[in-house]
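An overview of the molecular structure
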Amino acid sequence: MIPELSNPSVHMRDPQRVQEILESMVKAGSNTVQVISDFDMTLTRFAYNGKRCPTCHNILDNSKLISSDCKERLKELLNTYYPIEIDSSRSIEEKLPLMVEWWTKAHEILVKQEIRKDLLAVVVRESDAMLREGFQLFFDHLSEHSIPLLVFSAGIGDILEEVIRQAGVFHPNVKVFSNYMDFDECGVLRGFKGELIHIYNKREGALLNTGHFQELRTRPNVLLMGDSLGDLTMADGVQDMENILKIGFLNDKVEERKQSYLDSYDIVLVKDETLEVPNAVLLYLTGNK
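Okay, so let's go over this structure. Computed from a predicted structure; not experimentally measured. (Residues numbered from 1 in each chain as written. Predicted model: local features only at pLDDT ≥ 70, side-chain atom pairs only at ≥ 80, totals over all residues. Heavy atoms only, no water.)

Thoughts on unusual backbone geometry
For Ser-146, which is not glycine, the phi dihedral falls at a positive 50°. Along the chain, Ser-146 turns up in the loop between α6 (135-144) and β5 (149-156). A residue is classified by how much of its surface remains accessible, and Ser-146, at 46% relative accessible area, is partly exposed. We note that Lys-253 has phi near 50°; this positive angle belongs to a residue other than glycine. Position of Lys-253 among the secondary structure elements: in the loop between β10 (243-250) and α10 (254-264). We classify Lys-253 as partly exposed; its relative accessible area is 37%. (Helix = DSSP H or I, 4+ residues; strand = E, 2+ residues; numbered from the N terminus. Buried < 20%, exposed > 50% of the residue type's maximum accessible area, 1.4 Å probe, protein only.)

What to know about the pattern of salt bridges
Evaluated as defined, the whole model comprises 11 salt bridges. The partner of Arg-90 in a salt bridge is Asp-87, with the nearest N and O atoms 3.5 Å apart. Classification of Arg-90 by relative accessible area gives partly exposed; the value is 30%. Overlapping salt bridges, with partners in common, bring together Asp-87, Arg-90 and Glu-94 in one network. (Salt bridge = Lys/Arg side-chain N within 4 Å of Asp/Glu carboxyl O.)

Considering the layout of surface pockets
The computed volume of the largest pocket comes to approximately 970 Å³. Put simply, the parts of the chain that give the lining of the largest pocket at least two residues each are β4 (51-52), α2 (56-61), α3 (68-85), α4 (92-111), α5 (120-126) and β5. The element contributing the most residues to the lining of the largest pocket is α3, with six residues. Grouping the amino acids of the lining of the largest pocket by side-chain chemistry returns 15 nonpolar, 10 polar and 16 charged. Summarising the domain contributions, the lining of the largest pocket has at least three residues from each of domain 1 (3-46 + 130-286) and domain 2 (51-125). (1 Å grid on protein atoms, 1.4 Å probe; cavity = no way out; pocket = protein on both sides within 12 Å on 5 of 7 lines; lining within 4 Å. Points joined across faces, edges and corners; volume = space filled by probe spheres on them. Nonpolar A, V, L, I, M, F, W, Y, C, P; charged D, E, K, R; others polar. Domains from an automatic or database assignment.)

Written as structure tokens, this is what we have:
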């Protein structure tokens, strides 16, 4: 067993099953592995020194590109809809239309701000966004072993990419599926491209991008990483899957959500701000035991 799996932050419903999946994946070889991950609060930190870290949307919401009136309206939306998103007593079917409503309203508010493309890098640089500790090893190791990393995010793709780029780890094996801004010829935001990707339709995102998954058919072993139960469907576009190991970050409302995470994820990391466990798993899968 991987020593890091005995860290106090690690919880598993069935450690034996985890071991079996790992052994099966090792046997198949790291050239059959792909990593599918959420971004906000999965690859990025939830908090640092007791202070919440921003998501892609927060980076924009807290920036000087947005008027105080707009900030106020976005905050109202957050206070209305976030409690619904994490309410474990509501079904996904019930939450779905409300989540779509939230992001659609938020995007409409942002578009009115006439945000300039050339200022996004500055906003990210000035923000408190941080990838989790150990990110360098995580991204570099995947790149060195040519293991594809697919990032599915309900956030804003342009900002997400900038966070990875500024951290110096946007390698060619990284592919992002997210909500991308649509700028006019003067570089001013005028809308968002394509279908809205939100926390509960990542499955459709995965299925719509089956063309991309086609290239990955030789990689039927998946390491999936997320921080919400909506992230569990991100690998639904993978055909002929052989093994999937699901790692869930439980950052918030631990007691009330712990059981549902243990029932859904193979490994649950409670209030763990590092990528220590995913890194240990990757090193194990690539033979760097």
